[in-house]
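What follows is the residue order along each chain.
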Amino acid sequence: MEEQGKGPEVHGGAAPLELDPEEFRELGYRVIDRITEFLKSLPSKPVAPNESATSIRNLISLPFPHEGQPARPLLEHAFDLLVDHSTFNSHPRFWGYITGSPAPIGALGDLIAAALNPNLGKWILSPMGTEIEGQTVRWIAQMLAYPTDCGGLLVSGGSMANFVGFLAARRAKAPWPVRAAGAVDPKRGRLRVYTSTETHLWVQKAADLFGLGTDSIRWISTDERFRMDPVALRKNIEEDLRRGDLPFLVVGTAGSVSTGAVDPLPELAALCKEYSLWFHVDGAYGGFAAVLPEASADLRGIVEADSVAVDPHKWLYAPLEVGCALVRDPKTLHDTFSYRPQYYHLVEDPDEKAINYYEYGPQNARGFRALKVWLCLRQAGREGYKRMIGDNIRLAESLYELVSECGELEALSNSLSITTFRYVPQDLKGSADAEPYLNRLNSELLTSLQAGGEVFLSNAMLRDKFALRTCIVNFRTSIEDIRALPELVVREGARIDATLRPR
Ligand SMILES: *Cc1c(COP(=O)(O)O)cnc(C)c1O
């Protein structure tokens, strides 16, 4: 340390970020020991901390260090902070939002990936990494029964995977050179996107970011099970064609965020063929359920899409972050993203096997996300995934039944592994006037359940009803965990009702 800042140009001794190999080994073992203890203690930990953002921020009110510090206490400190002040999606009772419980082998894969640090932007920088990504993408396609000669790559998550499909659609269907000219031609009608009102917010981000504007989206109504109505879709397309607008993309959802609804994908695919539109399926949540033998025909319709987004950090239980985009025609994917700058020395590959992934997606430098997914797919295999995904769905169905049998709970929906319900005090049953109060009560109930740390749920708005929402994407959840939920909700619900309506 003495020499730092003193040498004329080059410092002697180890660089400030170097770790002596034996020190690295010792720290590595220590970190693995701590992770192991964490995993063992998970079921007895609160799912989420009950602390304010201010109090958590204050825990690390550290100045930017002037001098460096030894690695070991830093790692211990980081682990302590995180283990005591985090929300754990690895907890058996985490059922909020849609984040998979992370597979331990995926965590180890990420460690290897970070240590070897291949750059999957170019083949030459990651020969084996690139091949592993290619195989991972093909295996993912196989899980969906999608053609394995499709184009595809891994990205940061479902939103980005959907963006890739959106951009491929824009490139393929805009009747002008959209990459050079932009997404709006003032002399022509407007490009139009069709999607259901249940679609995830990524579609707004995409229309906004990629120059169409959110007004280009036609929001199609849904049926009583929250599935896109193909009759309304056709009507909207016809109206836009008459107006001179340019319909180009229909987005179907395989597993909506709120209720797990699956659009009638085969019908949507047929409509897209008829009008020559691009058919993209957002399968970020539900796509992988297509691996199940009992998957519905609607869900299996995913195979007809021109592009698909799935999210391995959801139902493949890979640690964050990783999404996957598939595009039926690999050439379209290439045409959507490729540039060939002079400063890239791209060696011609006589077999045309060397994929440079920077030409197939939005990123340039790319991390080795594939390794964790590849390891998960190999550890569990197709049968392992059928069992885990199938169990999650069965647990959600059991919850729906348990809730239906409980006098003070109202079951609202069940599809895939999402069940929604709400707490309704006995005396308010069947009273239409009580709706605003029930929304307030259940909203406060959710806040209280999240703060309590015993379970972690989220919410959905179902036709103006505030619902508690459990989404089970968790291979650690058991039927006992599910059986415990109704009683807990009723206990907390009664307590909050008593504070809101003192009698
Ligand atoms: C989760 C989800 C997304 C967004 O995926 P991220 O990985 O959070 O970016 C998009 N659509 C659906 C249906 C989802 O469930």
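Presented here is an overview of the structure given in this document. (Residues numbered from 1 in each chain as written. Predicted model: local features only at pLDDT ≥ 70, side-chain atom pairs only at ≥ 80, totals over all residues. Heavy atoms only, no water.)

Quick notes on the site of the ligand
As a reminder of what qualifies: In this text, near means that some heavy atom of the residue lies within 4 Å of the molecule or strand in question. N or O atoms within 3.5 Å of each other form a polar contact, as long as, within protein, one can give a hydrogen and the other can take it, and as long as residues adjacent in sequence are counted only when both atoms are side-chain atoms. Surface accessibility follows the Shrake-Rupley procedure with a 1.4 Å probe radius. Residue values consider only the protein chains on display as shielding. Under the scheme used here, helices are H or I runs from DSSP no shorter than 4 residues and strands are E runs no shorter than 2 residues, and both carry numbers assigned from the N terminus.
Taken together, the neighbourhood of the ligand is formed by 15 residues, with Gly-158, Asp-282, Asp-311, His-313 and Lys-314 sitting nearest. A distance of 2.7 Å is found between a nitrogen atom of the ligand and a side-chain nitrogen or oxygen belonging to Asp-282. Within the contact set of the ligand, an oxygen atom lies 2.8 Å away from a side-chain nitrogen or oxygen of Lys-314. Relative to its free-state accessible area of 380 Å², the ligand is covered by the protein chains to the extent of 84%. Mapped by element, the contributors of at least two residues to the shell around the ligand are α6 (158-173) and α12 (312-315).

Considering the pattern of salt bridges
Put simply, the test is: We count a salt bridge whenever a side-chain nitrogen from Lys or Arg sits within 4 Å of a carboxyl oxygen from Asp or Glu. The buried label goes to any residue with under 20% of its type's maximum accessible area, the exposed label to any with over 50%, and the partly exposed label to all in between, with areas taken from a 1.4 Å probe on protein chains only.
Tallying each qualifying case throughout the model produces 39 salt bridges. Arg-366 is the salt-bridge partner of Glu-133, the closest N and O atoms lying 2.6 Å from each other. In this pair, Glu-133 is assigned in helix α5 (residues 127-143) and Arg-366 in the loop between α13 (330-337) and α14 (370-405), connecting sequence segments 233 residues apart. Two residues, Arg-188 and Asp-185, come together in a salt bridge whose shortest N-O distance is 3.1 Å. Look at Asp-185 and you get buried, because its relative accessible area is 13%. Connected through shared salt-bridge partners, Glu-26, Arg-30, Arg-34, Arg-72, Glu-76 and Asp-80 make up one network.

Looking at the packing of aromatic side chains
Here is the rule: Planes of paired rings set the category: under 30 degrees apart is stacked, over 60 is edge-to-face and the rest tilted, where pairs are Phe, Tyr or Trp rings (Trp by its six-membered ring) whose centres lie within 6.5 Å. Whether a charge sits over a ring comes down to the Lys NZ or Arg CZ being within 6 Å of the ring centre and within 35 degrees of the ring normal.
Overall, the coordinates contain eleven aromatic pairs when judged by the stated rule. Taking 6.5 Å as the distance between ring centres and 70° as the angle between the ring planes, the aromatic pair formed by Tyr-357 and Tyr-360 counts as edge-to-face. A relative accessible area of 3% places Tyr-357 in the buried class. The structure contains a cluster of three or more aromatic residues connected by ring pairs, namely Phe-163, Phe-166, Trp-202, Phe-210 and Phe-248. Between Arg-179 and the ring centre of Tyr-339, over which it is positioned, the NZ or CZ distance is 4.5 Å. The aromatic ring of Trp-374 is capped on one face by Arg-378, whose charged end is 4.6 Å from the ring centroid.

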